[in-house]
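Read off the chains here:
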Amino acid sequence: MPAHGDIRPALPFLVLYTAAFLFSGLSVARVTFLLYAFLYPGATEESLYRGGVQPLLLRSGASPAPAIALATLVFAGGHIPDFVFRVYPGMLLLAMGQVASVALYGTLLGYGGA
C-alpha cells in the first residue's frame, strides 16, 4: 500500500481530466469553474470523507480496505440525488454511471489517504 497521501493511483485520471479540460477550450468562465471545482469539494467533501469518516473507521478497528469501501459508498451515495435529479433527470443509467465514476475516484483518493 502506498504511503499516506500518495496520489500516484489517481494520476492517470488527473491527466485524462486535465487533457479533456484543456482541449475543450479555455475561457474565463471555465477557469473560474475549475477553481471552484478544486476549492469547494476539497474543502468540504474530501475533508469530511477522507479526513473524517475514513480515519474514524480506521480508528474504530476496521482494516483499510473496508474503511475505504464504506467511506466511498457513503461518498458516492451522497452524489446520487445530484446526478439523478439535477444533472441527468430521466436518464437513470447515465446518472448511475456518473455515480460509479465518483465512487472509483473516491476509492483512489481513499487508497492514497489510507
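Note that the structure is a prediction, hence the values are computed from the model and not measured.

Colleague: So what about the overall build of the protein chain? Which residues, and what values?
Modeller: A tally of regular secondary structure across the protein chain gives 6 helices and 0 strands. Starting at the N terminus and walking to the C terminus, you meet the elements of the protein chain as α-α-α-α-α-α. With the C-alpha coordinates of the protein chain rotated into their principal frame, the extents come out at 45 × 30 × 20 Å. Looking at the 114 residues of the protein chain, the share that counts as buried comes to 22%. For the protein chain, the exposed surface amounts to about 7,400 Å²; the carbon and sulfur share of it is 76%.

Colleague: Can you tell me about a nonpolar patch on the surface, naming the residues and giving the values?
Modeller: Taken together, the side chains of Leu22, Leu26, Val31, Leu35, Phe38 and Leu39 present a nonpolar region at the surface, about 640 Å² in accessible area. If you tally residues by element for the nonpolar patch, the top one is helix α2 (residues 28-43), at 4 residues. Tracing the chain through its elements places Leu35 in helix α2.

Reading guide: rules and limits
Residues numbered from 1 in each chain as written. Predicted model: local features only at pLDDT ≥ 70, side-chain atom pairs only at ≥ 80, totals over all residues. Heavy atoms only, no water. Helix = DSSP H or I, 4+ residues; strand = E, 2+ residues; numbered from the N terminus. Buried < 20%, exposed > 50% of the residue type's maximum accessible area, 1.4 Å probe, protein only. Areas by Shrake-Rupley, 256 points an atom, 1.4 Å probe, with all protein chains shown as cover. Patch = residues over 30% accessible without salt bridge, like charges linked within 9 Å, V, L, I, M, F, W, Y side chains within 5 Å. Salt bridge = Lys/Arg side-chain N within 4 Å of Asp/Glu carboxyl O.

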